[in-house]
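Summary of the model geometry
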Amino acid sequence: MLIATNGRGHVLKDPSKSEIGTMLADLHSGDHMILERQDENRADNWYVQVWFRDDTTYQLEYRDGVPAEHYQTQTQAVSQEKVLQALLGWVADEPAWREGFIWTSIGHWFTPEPEDEDDPTA
């Protein structure tokens, strides 16, 4: 099941393309929305989120299951339509949805550092 949530707590289950577009268009500066796949056959967290930044750019992030597979891009002069097409491509599970953006892995932000076994204070 696909669930869409915005920063004001509005939740839609199995949103249509137009509902996703409306939710994106209704983002205010500093607001965000998340599209999340909740499927009993998929473990972990599968989502894409967009944040409409105060400088009127979009920040997109996605996670492919595990924390180590978490990526981010910040857009410059990217249209709302391009962001919408990326979101809809993600929803349709189209592999090309990431194209046109420069993604940075941020998985290390969400995974614990390995314990240093040689450190006697650990």
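Here's a quick rundown of the structure. (Residues numbered from 1 in each chain as written. Predicted model: local features only at pLDDT ≥ 70, side-chain atom pairs only at ≥ 80, totals over all residues. Heavy atoms only, no water.)

**Thoughts on unusual backbone geometry**
Threshold: Segments assigned H or I by DSSP are reported as helices when at least four residues long, segments assigned E as strands when at least two residues long, and all are numbered from the N terminus. Categorising residues by exposure relies on relative accessible area from a 1.4 Å probe, with only protein chains included: less than 20% of the type maximum marks a residue as buried, more than 50% marks it as exposed, and the intermediate range marks it as partly exposed.
Of note in this structure, Thr56 is not a glycine but carries a positive phi near 65 degrees. Turning to its location among the elements, Thr56 is positioned in the loop between β4 (45-52) and β5 (58-65). Exposure remark for Thr56: the relative accessible area of 55% places this residue in the exposed category. Backbone geometry places Asp93, a non-glycine residue, at a positive phi of 60 degrees. With respect to the secondary-structure elements, Asp93 resides in the loop between α2 (80-91) and β7 (104-105).

**What about the pattern of salt bridges?**
This is how the line gets drawn: When a carboxyl oxygen of Asp or Glu lies within 4 Å of a side-chain nitrogen of Lys or Arg, that pair is called a salt bridge.
Throughout the structure, instances matching the rule amount to three salt bridges. Across the pair Arg53 and Asp55 runs a salt bridge whose closest N-O atoms are separated by 4.0 Å. Between Arg98 and Asp64 there is a salt bridge whose closest N-O contact spans 3.6 Å. Of this pair, Arg98 sits in the loop between α2 and β7 while Asp64 sits in strand β5, and the two are 34 residues apart along the sequence. According to the relative accessible area criterion, Asp64 is partly exposed, its value standing at 23%.

**Some remarks on the pairing of strand β3 (residues 32-37)**
Applied cut-off: Two strands pair if DSSP finds at least two bridges between them.
Residue alternation in β3 divides its side chains into a buried set, Met33, Leu35 and Arg37, and an unburied set, His32, Ile34 and Glu36. Across five bridges, strand β1 (residues 2-6) lies against β3 in antiparallel orientation. For Thr5, the partnering residue across the bridge sits in β3 and is Ile34. One ladder, built from six bridges, connects β3 with β4; its direction is antiparallel. Along β4, the bridge assignment pairs His32 with Trp51.

**Some points on the pairing of strand β6 (residues 70-74)**
For β6, the buried fraction is high: four of the five residues fall into the buried class. With antiparallel pairing between neighbouring strands as the criterion, β5 and β6 make up a hairpin whose turn holds four residues. In terms of strand pairing, β6 meets β7 through two bridges, oriented antiparallel. In the sheet register, Tyr71 faces β7, and the bridge partner there is Ser105.

**Some details on the nonpolar core**
Worth spelling out the cut-off: In this description, a nonpolar core means a group of buried Ala, Val, Leu, Ile, Met, Phe, Trp, Tyr and Cys residues linked to one another through side-chain atoms lying within 4.5 Å. Contact definition: two residues touch when any of their heavy atoms are within 4.5 Å.
Ranked by size, the top nonpolar core spans 26 residues in total, and within it Leu24, Met33, Leu35, Val50 and Leu87 carry the most contacts. Elements with a contribution of two residues or more to this core: β1, α1 (17-25), β3, β4, β5 and α2. When residues in this core are grouped by element, the largest group, six residues, is from α2. Ignoring any residue separated from it by four or fewer positions in sequence, one finds Leu35 in contact with Leu2, Ile3, Ala4, Ile20, Trp46, Tyr47, Val48, Leu87, Trp90 and Val91.

**Some words on α1**
As a reminder of what qualifies: In this context, the arc is that of the directions from the helix axis out to the C-beta atoms.
Ile20, Gly21, Met23 and Leu24 are the residues of α1 that are buried. Looking straight down α1, one finds its buried side chains confined to an arc of 160 degrees; they lie on one side.

**Observations regarding the packing of α1 against α2**
Threshold: Here an axis means a line fitted to C-alpha atoms, over the contact stretch when the element is a helix, while the angle between two N-to-C directions is reported on a 0 to 180 degree scale. Should an angle fall under 35 degrees it is called roughly parallel, over 145 degrees roughly antiparallel, and 65 to 115 degrees roughly perpendicular, with every other angle called oblique. It is the rotation of the near helix from the far one that decides the hand of a crossing: anticlockwise by less than a right angle makes it left-handed, clockwise makes it right-handed. Residue polarity is assigned by list, with Asp, Glu, Lys and Arg as charged and Ala, Val, Leu, Ile, Met, Phe, Trp, Tyr, Cys and Pro as nonpolar; anything else, Gly included, falls into the polar class.
Packing of α1 against α2 brings their axes to within 10 Å, and their N-to-C directions diverge by 140 degrees. Put simply, α1 runs oblique to α2. Crossing geometry of α1 relative to α2 is assigned as right-handed. Listed contacts from α2 to Lys17, Ile20, Gly21, Leu24 and Ala25 of α1 are Gln80, Val83, Leu84, Leu87, Leu88 and Val91. In the contact of α1 with α2, the residues fall into eight nonpolar, two polar and one charged.

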